[in-house]
Amino acid sequence: QLVESGGGLVQTGGSLRLACAPTGGTFSGYAMGWFRQAPGKEREFVAAIRPSGGTTFYADSVKGRFTISRDGAKNTVYLQMNSLKPEDTAVYYCAAAWSPSGSTTPARRSDYTYWGQGTQVTVSS
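Residues numbered from 1 in each chain as written. Predicted model: local features only at pLDDT ≥ 70, side-chain atom pairs only at ≥ 80, totals over all residues. Heavy atoms only, no water.

**Looking at the pairing of strand E3 (residues 16–22)**
Stage number 1. Within E3, 5 of the 7 residues are buried, leaving the element largely enclosed by the surrounding structure.
Stage number 2. As paired elements, strand E1 (residues 2–5) and E3 share 4 bridges and run antiparallel to each other. Counted as the bridge partner of valine 3 is alanine 21 from E3.
Stage number 3. Relative to strand E8 (residues 76–81), E3 runs antiparallel, the two being bridged by 5 bridges. By the bridge assignment, leucine 16 is partnered in E8 with methionine 81. (Buried < 20%, exposed > 50% of the residue type's maximum accessible area, 1.4 Å probe, protein only. Helix = DSSP H or I, 4+ residues; strand = E, 2+ residues; numbered from the N terminus. Pairing = 2+ DSSP bridges.)

Here is the structure:
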């Protein structure tokens with residue numbers, strides 16, 4: 001089970017940092033991803049990071065504005081979101097994908113096994 005935190009209401013151009021942690025166990029060996037779902041739309045990929053944390057991958061819509069990172073000591077994954085836009089408004093979900101080789105940064109929803117309950121991010125114009 002994964003738990004997200006850090007969502008909220010922010011103005012256009014503002015920043016938020018989301019966090020994701022497991023309720024039990026560890027992220028070790030898992031690639032981690034963030035997805036989002038806006039009202040009436042499909043859940044879409046936002047960012048992913050390999051188990052080692054050395055490689056990241058982003059959707060074009062957030063590249064240069066969002067940063068995914070992980071802290072092994074705190075067993076937490078983060079999504080730093082800067083220069084937020086109204087179109088970033090969505091429920092944001094954290095997800096984990098088992099990656100024993102450590103060589104994948106999965107971007108498909110079907111690649112992920114474990115999901116959080118989501119946290120709402122609202123960007124006002």
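Next, the rest of the story.
**Observations concerning the pattern of salt bridges**
Stage number 1. One pass over the structure, following the stated rule, counts 5 salt bridges.
Stage number 2. In this structure, the salt-bridge partner of aspartate 88 is arginine 65, at a minimum N-O distance of 2.8 Å. Of this pair, aspartate 88 sits in the loop between E8 and strand E9 (90–98) while arginine 65 sits in the loop between strand E6 (56–58) and strand E7 (66–71); the two residues are 23 residues apart in sequence, bridging distant segments of the chain.
Stage number 3. Exposure remark for aspartate 88: the relative accessible area of 1% places this residue in the buried category. (Salt bridge = Lys/Arg side-chain N within 4 Å of Asp/Glu carboxyl O.)

**Focus: the side chain of threonine 119**
Stage number 1. Relative to the assigned elements, threonine 119 resides in strand E11 (residues 119–124).
Stage number 2. Separated by 3.3 Å, the side chain of threonine 119 and the backbone nitrogen of glycine 7 make a polar contact.
Stage number 3. Apart from residues no more than four positions distant in its own chain, threonine 119 is found in contact with Glu4, Ser5, Gly6, Gly7, Leu18, Ala90, Val91 and Tyr92. (Polar contact = N/O pair within 3.5 Å; in protein donor to acceptor, adjacent residues only side chain to side chain. Contact = heavy atoms within 4.5 Å.)

**Structural notes on unusual backbone geometry**
Stage number 1. Positive phi values are uncommon outside glycine, yet asparagine 75 reaches one of about 55 degrees.
Stage number 2. Structurally, asparagine 75 is set in the loop between E7 and E8.
Stage number 3. On the basis of relative accessible area, asparagine 75 is assigned to the buried category, the value being 17%.

**Side note on the sheet that holds E7**
Pairing between the strands of a sheet is mediated by backbone hydrogen bonds and can be parallel or antiparallel.
Stage number 1. Strand order in the open sheet formed by 4 strands is E1-E3-E8-E7, with antiparallel pairing between adjacent strands. The open sheet has two free edges, formed respectively by E1 and E7, since each of these has just one partner strand. Here the average twist between neighbouring strands, direction ignored, is 15 degrees. (Axes fitted to C-alpha atoms, helices over the stretch in contact; angles between N-to-C directions.)

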